[in-house]
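This is what each chain is made of:
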Amino acid sequence: MSVQISPSLLSADFARLADEAAAVSAAADWLHVDVMDNHFVPNLTLGLPVVESLLKHASIPVDCHLMIEDPDRWAPGYAEAGAGSVTVHAEAVKAPVRTLRTIRAAGARAGLAVNPGTPVEPYEDLLPEIDMLLLMTVEPGFGGQRFLDVVLPKLRRARAMVAAHDGEVWLQVDGGVSEETIERCAEAGADVFVAGSAVYGASDPAEAVRALRAQAEQATARAPWSR
Ligand code: DX5
Ligand code: ZN
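A quick note: this is a predicted structure, and the numbers were derived from the prediction, not measured. (Residues numbered from 1 in each chain as written. Chains lettered and ligands numbered in written order. Predicted model: local features only at pLDDT ≥ 70, side-chain atom pairs only at ≥ 80, totals over all residues. Heavy atoms only, no water.)

Some remarks on the sheet that holds strand E5 (residues 109–114)
Turning to step 1, where the next piece is worked out: Read from one edge to the other, the open sheet built from eight strands follows the order E1-E8-E7-E6-E5-E4-E3-E2, with strand pairing classed as parallel. Bordering the open sheet on either side are strand E1 (4–7) and strand E2 (31–36), each of which pairs with just one other strand. Across the sheet, the axes of successive neighbouring strands diverge by a mean angle of 25°, strand direction being ignored.
Turning to step 2, where the next piece is worked out: Along the sheet, helix H4 (residues 96–105) makes contact with strand E4 (85–89) and E5, crossing E5 at roughly 145°. (Pairing = 2+ DSSP bridges. Helix = DSSP H or I, 4+ residues; strand = E, 2+ residues; numbered from the N terminus. Axes fitted to C-alpha atoms, helices over the stretch in contact; angles between N-to-C directions. Contact = heavy atoms within 4.5 Å.)

Structure, rendered in structure tokens:
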């Protein structure tokens, strides 16, 4: 169980995606890509053609977070294109078992995301079908929002749920994760940390990733769940 950092390109310069990816590649574990369709969330970002181009330039695996309607239709394409991880939202997916299996069959890790107001307990039976559970710590749609502490009790419950399960499921947090909040997330049970503005808003993004990792590792070491 080790800390992983996934910088969100949503806070990067979209006209220089390859350079922005390269800026964190020596320090980060993943490149988090936020796909938004202006329907599931009130914002529009990028889609498969841009991800396909990014994949040609990325030297670390790409973590696709699909904030879109009908992920059953679109998610497999991201896995087939070579994304290392593809996450669909529980609120949008209609055939989760089929879609998660299709993602895995295409060679990617399968993730399931829940919004701040969505409980995790109804998805316990899906744990064998997923490699990562993403707990949104802001309402999805925009970078730079304030971290929602209200999600922390759910994060503790999710950690207990995952610990009681045989396989290994990573617990990702996304939204408002920064030097102010990352320790709370690690202590509550997260092991994969998405950070957008905290990384790309820093003068040295790679150094910001390293600093966040150090904080998360220290907080994990003292966390009750990691003993
Ligand atoms: C929000 C996105 C996040 C976003 C996080 O809906 O899913 O990945 O980029 O940005 P920060 O870290 O600035 O909250
Ligand atoms: Zn995201």
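Moving on from the coordinates now.
A look at the environment of Glu129
Turning to step 1, where the next piece is worked out: Positionally, Glu129 belongs in the loop between E5 and strand E6 (132–136).
Turning to step 2, where the next piece is worked out: It is 27 Å that separates the C-alpha atoms of Glu129 and Ile182, two residues lying 53 residues apart in sequence.
Turning to step 3, where the next piece is worked out: Setting aside anything within four residues of it in sequence, one finds Glu129 in contact with Val97, Leu100, Arg101, Arg104 and Ala110.
Turning to step 4, where the next piece is worked out: In this structure the side chain of Glu129 is engaged in a polar contact, spanning 2.7 Å, whose partner is the side chain of Arg101. (Polar contact = N/O pair within 3.5 Å; in protein donor to acceptor, adjacent residues only side chain to side chain.)

Focus on empty space enclosed by the protein
Turning to step 1, where the next piece is worked out: In total, this model carries one cavity of 30 Å³ or more according to the counting rule given.
Turning to step 2, where the next piece is worked out: Put simply, the largest cavity is a space of about 40 Å³.
Turning to step 3, where the next piece is worked out: As for the largest cavity, its lining consists of Leu9, Leu10, Phe14, Leu17, His32, Val33, Asp34, Leu46 and Leu54.
Turning to step 4, where the next piece is worked out: By residue number, the principal contributor to the lining of the largest cavity is E2, which donates three residues.
Turning to step 5, where the next piece is worked out: Each residue belonging to the lining of the largest cavity can be placed in one class, and the counts come to seven nonpolar, one polar and one charged. (1 Å grid on protein atoms, 1.4 Å probe; cavity = no way out; pocket = protein on both sides within 12 Å on 5 of 7 lines; lining within 4 Å. Points joined across faces, edges and corners; volume = space filled by probe spheres on them. Nonpolar A, V, L, I, M, F, W, Y, C, P; charged D, E, K, R; others polar.)

Brief notes about the side chain of Asn43
Turning to step 1, where the next piece is worked out: For Asn43, the position within the fold is in the loop between E2 and helix H2 (48–57).
Turning to step 2, where the next piece is worked out: Polar contacts involving the side chain of Asn43 include one to the main-chain carbonyl oxygen of Gly141, which spans 2.8 Å.
Turning to step 3, where the next piece is worked out: The residues contacting Asn43, other than those within four sequence positions of it, are Met36, Asp37, Asn38, Gly141 and Phe142.

Let's talk about the pattern of salt bridges
Pairs may arise between side chains of opposite charge once their charged atoms sit close together.
Turning to step 1, where the next piece is worked out: Overall, the coordinates contain 12 salt bridges when judged by the stated rule.
Turning to step 2, where the next piece is worked out: Among the salt bridges present, the one from Glu129 reaches Arg101, with a minimum N-O distance of 2.7 Å. Separated by 28 residues along the polypeptide, Glu129 in the loop between E5 and E6 and Arg101 in helix H4 bring together distant segments of the chain.
Turning to step 3, where the next piece is worked out: Since its relative accessible area comes to 13%, Glu129 is described here as buried.
Turning to step 4, where the next piece is worked out: A salt bridge links Asp149 to Arg184, with the shortest nitrogen-to-oxygen separation between them at 2.6 Å. One end of the pair, Asp149, is in the loop between E6 and helix H5 (152–163); the other, Arg184, is in helix H6 (residues 182–188), and 35 residues separate them in sequence.
Turning to step 5, where the next piece is worked out: Overall, the relative accessible area of 32% leaves Arg184 in the partly exposed class. (Salt bridge = Lys/Arg side-chain N within 4 Å of Asp/Glu carboxyl O. Buried < 20%, exposed > 50% of the residue type's maximum accessible area, 1.4 Å probe, protein only.)

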